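So you can see what is in the structure, the chains are spelled out below.
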Amino acid sequence: MEKKIAVIRGDGIGVEIVNQALRVLDKIAEKYGHTFRYVDVTAGGCAIDAFGEPLPEKELQKCLDSDSVLLGAVGGPKWDTLEGSQRPERALLGVRQALGLFANIRPSCLFKALENACPLKQEIIEGGLDLVIVRELIGGAYFGKREILQTEGGKTAYDTMIYSEMEVERIGRVAFETARKRRGKLTSVDKANVLESSRLWREVMHRLKDEYPDVEYSDMLVDNTAMQLVRNPGQFDVIVTENMFGDILSDEASMITGSIGMIPSSSLGEGSRGMYEPIHGSAPDIAGQNKANPIATILSAAMMLLYSFDAPQECRDIENAVEKALADGYRTGDIMSEGKKLVSCSEMGDIILANL
Ligand code: IPM
Ligand code: MN
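This one's a predicted model, so the numbers in the text were calculated from it and none came from an experiment.

Engineer: Hey, could you go over the site of ligand 1 for me, with residue numbers and the actual values?
Structural biologist: As a matter of local geometry, ligand 1 sits amid E89, L92, R96, R106, R135, Y142 and D247. With respect to ligand 1, the side chain of R135 contributes an N or O atom lying 2.8 Å from an oxygen atom. With the chains in place, 78% of the 320 Å² that ligand 1 exposes on its own is no longer accessible. Considering every element that reaches the shell around ligand 1, the biggest residue donor is helix 4 (residues 89-98), with three residues. Here the shell around ligand 1 is built from residues that sort into two nonpolar, no polar and five charged. If you count residues domain by domain, the shell around ligand 1 takes at least three from each of domain 1 (1-115 + 260-356) and domain 2 (119-256).

Have a look at this one:
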């Protein structure tokens, strides 16, 4: 196959982790006779520095012209004081929206070798941890009407959490289909005891559940879900939820695996083009030091092969190579524990490449 991949390294550790993922993709290309062409896209804080805006039209166009997008991370303290619409994060939100990527798939799975890195007690994770969060990605408070007003008592600001039936239904279908391909269990997370948007969410999900009688469906309130994730994470298979709840719960779920540096994600829309990115941020505190964990980005590239390029064997190869690196005791700082071998970002890349 021949594919054009838009590459957004972004800011902070984004540069180093994406470089490792590209080495892995090149190795896969060599092994299977594929051709991957990379198109560099400048977006995020670096684009603010270079062009004065986080996502210039011509950079976005490169994403629209590609078969898929690989992203590292955007943002950093340098741009933290900018006004909302000018922040590096706008680049990420802009690509998600322009490409119509409404479904964000975030798997959290505890690698056997990393059990020590899990902060929960042994008896809690005995039931295992292997769940997927299906997060709605281009609706809710992230994209609702927002405003800052001058009022008598000073400034007033609001954001609106807004959902249409269509938006709930399309993410609901992705979640039911995902559950079908896994252990057949779906938990829909909302705040229906308080929010109107959640009550609509629940109504639509209930309509869908009658179409998927083979899926064991339940509702759970988001506060309870946050608690259940650390009380008994093994009870979950697929979780579907709105944008902001999904943002928060996926960070929580990732930590159970030992480190947020382990979790990949894919963002998909109607077609096969997706954006693939680790769920962590740009980690400015360790940027440029070759210390970051590249595994989440490497696993994101693996997800790209599976979901966008329909290459399951190539995806499995990468996952196996990562698993072997961990089983052989190699660790970046974030997942380091006693008796293991501490390696740098690029050394982790070397080891995974060698396993391929
Ligand atoms: C994520 C990130 C983003 C989000 C930020 C950087 C805009 O936290 O992908 O989880 O909130 O979606
Ligand atoms: Mn997040």
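From this point on, the discussion continues.
Engineer: So what about the nonpolar core? Which residues, and what values?
Structural biologist: Grouped together as the largest cluster of nonpolar side chains are 64 residues, with contacts concentrated most on L70, L186, L305, I318 and I352. Three or more residues apiece are contributed to this core by two domains, here domain 1 (1-115 + 260-356) and domain 2 (119-256). The residues contacting I318, other than those within four sequence positions of it, are V24, I28, I298, A302, L305 and L356. One finds C118, M220, V222 and A253 within the second-largest nonpolar core, a separate group that totals 17 residues.

Engineer: An account of helix 1 (residues 14-32) is requested, with residue identities and associated values reported.
Structural biologist: Across its 19 residues, helix 1 extends 27 Å between first and last C-alpha, which sits within 8% of the 27 Å expected from 1.5 Å per residue. Among the residues making up helix 1, those that are buried are G14, E16, I17, V18, Q20, A21, L22, V24, L25, I28 and A29. With its phi angle positive at about 75 degrees, G33 sits one or two positions after the end of helix 1.

What counts and what doesn't
- Residues numbered from 1 in each chain as written.
- Chains lettered and ligands numbered in written order.
- Predicted model: local features only at pLDDT ≥ 70, side-chain atom pairs only at ≥ 80, totals over all residues.
- Heavy atoms only, no water.
- Near = heavy atom within 4 Å.
- Polar contact = N/O pair within 3.5 Å; in protein donor to acceptor, adjacent residues only side chain to side chain.
- Areas by Shrake-Rupley, 256 points an atom, 1.4 Å probe, with all protein chains shown as cover.
- Helix = DSSP H or I, 4+ residues; strand = E, 2+ residues; numbered from the N terminus.
- Nonpolar A, V, L, I, M, F, W, Y, C, P; charged D, E, K, R; others polar.
- Domains from an automatic or database assignment.
- Core = buried A, V, L, I, M, F, W, Y, C linked by side-chain atoms within 4.5 Å.
- Buried < 20%, exposed > 50% of the residue type's maximum accessible area, 1.4 Å probe, protein only.
- Contact = heavy atoms within 4.5 Å.
- Expected span 1.5 Å × (residues − 1).

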